[in-house]
Amino acid sequence: MNCTLSYMSLHPVVPSNRIFPISKKNNITTTLMAHSNQRRRPTTTRHPKLPKNLQNPRRTKLPPDFGVNLFLKKPSDEYDPIKADSVEEQEADNDFIWESEELEAISSLFQGRIPQKPGRLYRERPLPLPLPHRLRPLELPTPKKRVYLASSRASICKQAYKNPSFLISLARDIKGLDSHKDVAEVLDKCGRFLRKGSLSFTVRELGHMNLPERALQTFCWVQKQPHLFPDDRLLASTVEVLARHHELKVPFKLENFVSLASKGVLEAMVKGFVKGGNLKLAWKLLMVAKDGGRMLDPSIYAKLILELGKNPDKYMLVMTLLDELGQRDDLNLSQQDCTAIMKVGIRLQKFGVVESLFHWFTHSGRDPTVVMYTTLIHSRLSEKKCREALTVVWNMEASNCLFDLPAYRVVIKLFVALNDISRAIRYFSKLKEAGFCPTYDIYRDMIRIFMASGRLAKCRDVCKEAEMAGFKLDKQTVVELLQIEKESRIGTI
């Protein structure tokens with residue numbers, strides 16, 4: 001603004017006394033006029049002119065800040081013309097208009113839950129897809145994949161002592177040594193990686209390689225290593241290998257030995273004697289341990305019963321062991337041990353033992369396998385209880401138990417004994433559909449049931465199929481077949 005003295009006037013003008021003093025002697029007054037050196041533009045609107053920062057904004061309009069509820073803000077009663085003009089310009093720039101639903105949705109963000117539109121308020125979510133690992137049948141075992149990472153020396157030290165491939169390689173290296181060399185040449189290189197119990201696996205592998213001397217040398221080497229000895233597992237494995245190969249020197253006074261030896265060593269000795277065929281010494285050691293109050297594991301009894309049951313002259317010893325096993329309160333047998341004892345019971349015609357073992361196994365919370373079912377059917381069939389054996393077949397079908405070849409053979413034999421030709425034919429066809437090749441006794445049973453029913457055409461078909469499979473009929477079956485053919489010819493005449 002440039003302030004200049006514009007002119008002098010003779011008209012009386014009363015100015016303010018505070019700014020310019022007025023003299024009473026003269027009527028001449030001085031008037032100051034302030035005007036801008038810019039030209040004034042005529043205004044057509046009633047509102048004052050906007051400042052430059054609103055006329056030419058430097059940046060675009062920012063979106064509204066949703067952190068503040070602009071729509072619920074109370075309107076002010078005061079009228080600001082500058083703000084009113086800015087609002088009008090913003091409304092002119094923005095072409096879109098907020099709808100009521102959008103305003104309600106934005107305002108609900110600051111109030112709570114968003115109101116839903118009418119319709120299905122509770123939707124049913126679809127069920128998840130079945131996972132592949134849950135569809136795996138329970139009977140199939142999952143393969144064990146052992147992954148050993150050897151990224152550093154520390155990981156090698158931690159994992160080498162329990163790595164089966166590493167321990168088997170030690171046994172192979174020991175086997176490859178010359179006869180005059182000692183096992184220390186192999187074991188000294190990896191002694192720092194071993195722990196207690198590691199070499200028991202290697203010693204058992206040497207026993208499978210028929211190298212009991214090397215197993216004993218390995219045990220002697222471990223005795224010189226303070227961080228590996230004493231080791232009860234290694235001692236038991238060495239004793240078992242030596243007993244199996246008849247290299248173990250048994251003391252004359254077994255009572256003193258039994259009182260001093262540990263339970264693991266005694267069980268290893270009995271196992272070694274049983275596997276080596278020295279059943280007399282295994283029986284004697286077991287009786288001495290029983291007299292001394294040393295109760296061995298029931299699996300030891302099962303292994304000895306299985307081997308003694310193969311010899312008819314040892315049936316009395318088997319009965320004694322069965323009675324002792326039946327008196328045990330801590331009976332803990334595996335499925336294989338139960339099946340082995342059941343087979344020996346059938347051989348001895350002790351069918352009560354078979355039934356009691358099967359009853360105990362099912363009530364222990366475990367599911368019988370196809371081998372146990374087959375053994376029980378064979379036991380009841382040998383006892384001439386065909387109807388009771390038939391219930392076991394229905395239990396197998398109800399439990400979705402997969403039949404193997406011995407199961408089909410026993411079931412077909414059962415239906416032949418029941419003279420149930422329709423079920424015998426059905427299971428005979430199931431056997432071939434499952435991919436099994438019938439054995440000779442299955443062909444013979446089918447021929448006999450067809451001969452009993454007078455179906456000679458089926459007999460000839462089964463005989464031809466058996467001959468194509470490489471079997472030759474026995475004389476008794478051939479004679480019976482020829483006799484039935486003669487009777488049929490005579491009957492037709």
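Residues numbered from 1 in each chain as written. Predicted model: local features only at pLDDT ≥ 70, side-chain atom pairs only at ≥ 80, totals over all residues. Heavy atoms only, no water.

Engineer: Can you walk me through the overall build of the chain in this structure?
Structural biologist: Counting its secondary structure elements, the chain contains 23 helices and two strands. Buried positions account for 33% of the 493 residues belonging to the chain. A separation of at least 24 residues holds for 64% of the contacts in the chain among residues at least 6 apart in sequence. For the chain, the accessible area works out to roughly 35200 Å², and carbon and sulfur atoms hold 54% of it. (Helix = DSSP H or I, 4+ residues; strand = E, 2+ residues; numbered from the N terminus. Buried < 20%, exposed > 50% of the residue type's maximum accessible area, 1.4 Å probe, protein only. Contact = heavy atoms within 4.5 Å. Areas by Shrake-Rupley, 256 points an atom, 1.4 Å probe, with all protein chains shown as cover.)

Engineer: I tried to follow the packing of aromatic side chains on my own but got confused; where do I start?
Structural biologist: Aromatic ring pairs: the centre-centre distance and the angle between the two ring planes describe each pair. Under the criterion given, the structure shown has nine aromatic pairs. On the basis of an interplanar angle of 55 degrees and a centroid distance of 6.0 Å, the ring pair of F358 and Y373 is categorised as tilted. Of this pair, F358 sits in helix α16 (residues 351-363) while Y373 sits in helix α17 (residues 370-382), placing them 15 residues apart in sequence. Judged by relative accessible area, Y373 falls into the buried class, the value being 10%. (Phe/Tyr/Trp six-rings, centres within 6.5 Å; stacked < 30°, edge-to-face > 60°.)

Engineer: Would you explain the environment of L431 in this entry?
Structural biologist: With respect to the helices and strands, the residue L431 is situated in helix α20 (residues 421-433). You can call L431 buried: its relative accessible area is 0%. Put simply, L431 and L405 are 26 residues apart on the chain and 7.5 Å apart in space, counted from C-alpha to C-alpha. L431 has contacts with L405, Y408, I412, F436, C437, P438 and I442, leaving out every residue within four places of it along the chain.

Engineer: Where do I start with the nonpolar core in this structure?
Structural biologist: One recurring pattern in soluble globular proteins: nonpolar side chains tend to sit buried together. L285, L286, L304, L321, I377, L414 and Y427 are the most contacted members of the largest nonpolar core, which has 82 residues in total. If one sorts the elements of this core by residue count, helix α12 (residues 279-291) sits on top with nine residues. With sequence-adjacent residues up to four places away left out, L304 is seen in contact with V274, L279, A282, W283, L286 and L321. Among the nonpolar cores identified, the runner-up in size contains 25 residues, and A184, C190, L199 and A215 belong to it. (Core = buried A, V, L, I, M, F, W, Y, C linked by side-chain atoms within 4.5 Å.)

Engineer: Would you take a moment to explain the pattern of salt bridges for this structure?
Structural biologist: Pairing between side chains of opposite charge can happen when the charged atoms of each approach one another. For the structure on display, the rule yields ten salt bridges. The residue E383 makes a salt bridge to K385 at a minimum N-O spacing of 3.3 Å. Take E383: its relative accessible area is 27%, and that puts it in the partly exposed class. Two residues, R409 and D441, come together in a salt bridge whose shortest N-O distance is 3.7 Å. Taken together, the positions of R409 in helix α19 (residues 405-417) and D441 in helix α21 (residues 440-453) put the pair 32 residues apart, joining distant regions of the chain. (Salt bridge = Lys/Arg side-chain N within 4 Å of Asp/Glu carboxyl O.)

Engineer: Would you mind showing me how to read the side chain of T477 here?
Structural biologist: Secondary-structure assignment places T477 in helix α23 (residues 475-492). For T477, a relative accessible area of 1% puts it in the buried group. If near-sequence neighbours (up to four positions away) are discounted, T477 is found in contact with R444 and I447.

Engineer: Looking at this model, I keep getting lost on the packing of helix α13 (residues 298-308) against helix α15 (residues 335-347). Mind explaining?
Structural biologist: Helix-helix packing: each pair is described by the crossing angle between the helix axes and the interaxial distance. α15 packs onto α13 with a crossing angle of 35 degrees between their chain directions and a minimal axis gap of 9 Å. Once α13 is placed against α15, the crossing between them reads as left-handed. Every residue of α15 that contacts α13 at S299, A302, K303, I305 and L306 is listed here: D337, A340, I341 and V344. Residues that form the contact of α13 with α15 fall into these classes: six nonpolar, one polar and two charged. (Axes fitted to C-alpha atoms, helices over the stretch in contact; angles between N-to-C directions. Left-handed = near helix turned anticlockwise from the far one by under 90°. Nonpolar A, V, L, I, M, F, W, Y, C, P; charged D, E, K, R; others polar.)

Engineer: Would you explain unusual backbone geometry in this entry?
Structural biologist: Glycine aside, residues mostly have negative phi, and peptide bonds are mostly found in the trans state. Here the residue pair F229 and P230 is connected by a cis peptide bond, since its omega of 5 degrees sits within 30 degrees of zero. Despite not being glycine, K384 shows a phi value in the positive range, around 65 degrees. As for its placement among the helices and strands, K384 is situated in the loop between α17 and α18 (386-398). Residue K384 is classed as exposed on the basis of its relative accessible area of 71%.

Engineer: Just checking my understanding: could you explain the environment of A215 for this structure?
Structural biologist: The topology assignment puts A215 in helix α8 (residues 212-223). Overall, the relative accessible area of 0% leaves A215 in the buried class. In this structure the C-alpha to C-alpha distance between A215 and S237, which are 22 residues apart in sequence, comes to 9.0 Å.

Engineer: Is there a simple way to think about the side chain of E240 in this case?
Structural biologist: On the secondary structure map, E240 appears in helix α9 (residues 232-244). Residue classification places E240 among the buried residues on the basis of a relative accessible area of 12%. A polar side-chain atom of E240 sits 3.1 Å from a polar atom in the side chain of K275. Residues within four places of E240 in sequence aside, it is in contact with A268, K271, G272 and K275. (Polar contact = N/O pair within 3.5 Å; in protein donor to acceptor, adjacent residues only side chain to side chain.)

Engineer: Where do I start with a negative patch on the surface in this structure?
Structural biologist: Together, E99, E101, E102 and E104 give the surface a local cluster of negative charge. The exposure class of E101 is exposed, given its relative accessible area of 51%. (Patch = residues over 30% accessible without salt bridge, like charges linked within 9 Å, V, L, I, M, F, W, Y side chains within 5 Å. Lys, Arg positive; Asp, Glu negative; His and termini not counted. Charge placed at Lys NZ, Arg CZ, Asp CG, Glu CD.)

Engineer: Can you walk me through the confidence of the model for the chain in this structure?
Structural biologist: Reading predicted coordinates in detail is not appropriate for stretches of low pLDDT. Residue-level pLDDT values for the chain average 80, and 72% of them are 70 or greater. Low confidence marks residues 1-36, where pLDDT is under 50. Its contacts with residues over four positions away, or in another chain, come to 21 contacts. Confidence drops under a pLDDT of 50 for residues 148-154, and excluding neighbours within four residues, the segment shows eight contacts in the predicted structure. (pLDDT = per-residue confidence, 0-100.)

Engineer: Help me understand helix α5 (residues 164-175) in this model?
Structural biologist: With twelve residues, α5 ought to run about 16 Å at 1.5 Å a step, and its terminal C-alpha atoms sit 17 Å apart, in line with that. Buried within α5 are the following residues: P164, L167, I168, L170, A171 and I174. Projection of α5 onto a plane perpendicular to its axis shows the buried side chains occupying an angular sector of 150 degrees, all on one side. Each element contacted by the buried residues of α5 is listed here: α6 (184-187), α7 (199-208) and α8. (Expected span 1.5 Å × (residues − 1). Arc of directions from axis to C-beta.)

Engineer: Would you explain the packing of α21 against helix α22 (residues 456-468) in this entry?
Structural biologist: Direction vectors running N to C along α21 and α22 enclose 165 degrees, while the axes themselves pass 9 Å from each other. Taken as axis vectors, α21 and α22 run roughly antiparallel relative to one another. The hand of the α21/α22 crossing is left-handed. Judged by residue contacts, Y443, M446, I447, F450 and M451 of α21 engage K458, C459, V462, C463, E465 and A466 from α22. Among the residues making up the contact of α21 with α22, the classes are represented as nine nonpolar, no polar and two charged. (Parallel < 35°, antiparallel > 145°, perpendicular 65-115°, else oblique.)

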